[in-house]
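# Overview (structure and organization)
Now for the letters of each chain:
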Amino acid sequence: MTGPPRKDTAMIIVTGATGTLNGATVEHLLQRVPAADVGVSVRDPGRAKHLAERGVRVRQGTYDDPAALRHSFADAEQILLVSSSDLAADVLAQHRTAIDAAVDAGAQRILYTSAQGAGFDTPYPPHAIHAASEAHLAASGVAWTALRNGFFGDLEQMVGPWQESGRITRPAAGPFPWVDRRDAGEAAASILAGEATFDGPVDVVPNAPVTFEDFAAAASELTGRTIERVVVDDEQWVSDEVAKGVPEEAARFILTMFQATRTGFFAHGDPVLNRLLGREPRSITDQLADQLAR
């Protein structure tokens, strides 16, 4: 954490604002700064109509269209770039395009949703893309912050249909940082609003990692049933996922995460998320309870 908090609320642009992560960021920003100081760059402006109606500037932009990005980034002091999730695209090229467009638009600071442990020599291959994106940020000449979030996503995709099966069936895995996207979005909003300033990478993870055994124990306590943690062979898990209709490439991508956690690489936490939120982040018990309530 460096320097005093920002006091002004010049234009802040958020990409991916119709998604869960940065959608939460925008919602929390609107509790901190005037709507007129917030803009979003989205693929489909129609999906951001609810934001436009509240006074947020909505413009179309994609990481494959530099001109549209420059237009959607115009007048921004800060820009939050969400990392691309397009498995069919050259993701690094997309990130470089977005960073260059932000620089061309005159942004004074670029924030990027990276991942804990980003690096070129890690047990989790996708981290190399984040590391290369951070390197491009560092070479941009603009102040930058890499929000190295813990793992997050759809909880049902992570733990499977445990409510119906009574099991959490996944490959062998070690501890990993699981973050509720709403908390990660709120933390990003806190930084964008000037409540804290970071230069370079910062880990946005809970104080302690969790395991699938922890998920099973929490689910058992919530339901009063015994939810079993079942370890399945890697290749069997991939085959099972493909049989359910999951593309093999996507299944193997997720498998690399399980394999990486076995090394203990992610077995540490950080107090920054708690400080940014001013509270404990949502626990896995909280998140499972939300899942049960839906």
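Quantities reported herein were computed from a predicted structural model and do not represent experimental measurements. (Residues numbered from 1 in each chain as written. Predicted model: local features only at pLDDT ≥ 70, side-chain atom pairs only at ≥ 80, totals over all residues. Heavy atoms only, no water.)

### Examining the layout of surface pockets
Filter applied, for reference: Put simply, the grid is 1 Å and covers the protein atoms alone, a cavity is a trapped set of points that fit a 1.4 Å probe, a pocket is an open set with protein on both sides within 12 Å along at least five of seven lines, and lining residues have an atom within 4 Å of a point. Grid points are joined across faces, edges and corners, and a volume is the space filled by probe spheres set on the points. A run of DSSP states H or I qualifies as a helix once it reaches four residues; a run of E qualifies as a strand once it reaches two. Both are numbered from the N-terminal end. Under the scheme applied, nonpolar residues are Ala, Val, Leu, Ile, Met, Phe, Trp, Tyr, Cys and Pro; charged residues are Asp, Glu, Lys and Arg; polar residues are all the others, including Gly.
Counted as a void, the second largest pocket has a volume near 220 Å³. Lining the second largest pocket, in full, are Thr20, Gly153, Asp154, Leu155, Trp178, Asp180, Arg181, Arg182, Gln287, Asp290, Gln291 and Arg294. Of all the elements in the fold, those that place two or more residues in the lining of the second largest pocket are helix 8 (181-192) and helix 13 (284-293). At three residues, the largest contribution of residues to the lining of the second largest pocket is made by helix 13. Looking at side-chain class alone, the lining of the second largest pocket contains two nonpolar, four polar and six charged residues.

### Quick notes on the confidence of the model for the protein
Selection rule: One number per residue, pLDDT, summarises how confident the predictor is, and it ranges from 0 to 100. Any two residues whose heavy atoms approach within 4.5 Å at even a single point are treated as in contact.
Averaged over every residue, the pLDDT of the protein is 94; the share at 70 or more is 97%. Counting interchain partners and residues more than four positions distant, the pLDDT-below-50 stretch residues 2-9 has 18 contacts.

### Section: the pairing of strand 1 (residues 12-15)
Which entries qualify depends on this criterion: Buried, partly exposed and exposed residues are distinguished by accessible area as a fraction of the type maximum, computed with a 1.4 Å probe on protein chains only: under 20%, between the cut-offs, and over 50%, respectively. Whether a crossover is right-handed depends on one test, that the path from the first strand over the helix to the second runs clockwise when the strands point away from the viewer. Two strands pair under a simple rule: DSSP has to find at least two bridges between them.
Burial along strand 1 is two-sided: the face carrying Ile12 and Val14 and the face carrying Ile13 and Thr15 are both buried. With respect to chirality, the unit in which strand 1 leads through helix 1 (residues 20-29) into the neighbouring parallel strand 2 (residues 38-42) is right-handed. When strand 1 meets strand 4 (residues 78-81), the two strands line up parallel, connected through three bridges. Bridge pairing in strand 4 places Ile13 opposite Ile79.

### Comments concerning the packing of aromatic side chains
Note on aromatic pairs: each is described by the distance of the centres and the angle between the planes. Worth spelling out the cut-off: Any two rings among Phe, Tyr and Trp, with Trp reduced to its six-membered ring, count as a pair given centres within 6.5 Å; such a pair is stacked if its planes are under 30 degrees apart, edge-to-face if over 60, and tilted if neither.
Taken as a whole and judged by the stated rule, the model has twelve aromatic pairs. For the ring pair Phe151 and Phe176, a centre distance of 6.3 Å and an interplane angle of 75° mean the geometry is edge-to-face. Highlighted residues: Phe151 in the loop between strand 6 (143-149) and helix 6 (155-159) and Phe176 in the loop between strand 7 (167-170) and helix 8, separated in sequence by 25 residues. Residue class for Phe151 comes out buried when judged on its relative accessible area of 11%.

### Observations concerning the sheet that holds strand 4
Short version of the rule: Lines are fitted to the C-alpha atoms to define the axes, a helix being fitted only along its stretch in contact, and any angle between axes, read from their N-to-C directions, falls within 0 to 180 degrees.
What the seven strands build is an open sheet, ordered 3-2-1-4-5-6-8; its pairing is parallel. Since the sheet does not close on itself, it has two edges, and those belong to strand 3 (57-60) and strand 8 (200-204), each with one partner. Averaged over all pairs of adjacent strands, the angle between their axes in this sheet comes to 20°, without regard to strand direction. Pairing analysis gives four bridges linking strand 2 to strand 3, with the strands arranged parallel. Bridge assignment links Val42 to a residue of strand 3, and that residue is Gln60.

### With respect to the nonpolar core
Note the cut-off: Residues grouped as a nonpolar core are buried Ala, Val, Leu, Ile, Met, Phe, Trp, Tyr and Cys residues, joined through side-chain atoms within 4.5 Å.
Formed by 34 residues in total, the largest nonpolar core has its most connected members in Val14, Val26, Leu29, Val40 and Leu51. Among the elements that make up this core, the one with the highest residue count is helix 8 (six residues). Counting 28 residues, the second largest nonpolar core, distinct from the first, contains Tyr124, Met158, Trp162 and Phe176.

### A few points about the pattern of salt bridges
Short version of the rule: By definition, a salt bridge exists where a carboxyl oxygen of Asp or Glu is found within 4 Å of a side-chain nitrogen of Lys or Arg.
On inspection of all chains with the given rule, the structure shows 17 salt bridges. Among the ionic pairs, Asp104 bridges to Arg70, the shortest N-O distance being 4.0 Å. With Asp104 in helix 4 (residues 91-104) and Arg70 in helix 3 (residues 66-73), this pair connects stretches of sequence that are 34 residues apart. On the accessibility criterion, Asp104 (53% relative accessible area) is exposed. Notably, a salt bridge pairs Glu241 with Lys244, separated by 3.1 Å at the nearest N-O pair. Accessibility expressed as a relative area gives 10% for Glu241, which makes it buried. The network of salt bridges with shared partners includes Asp183, Glu186, Arg279 and Arg282.

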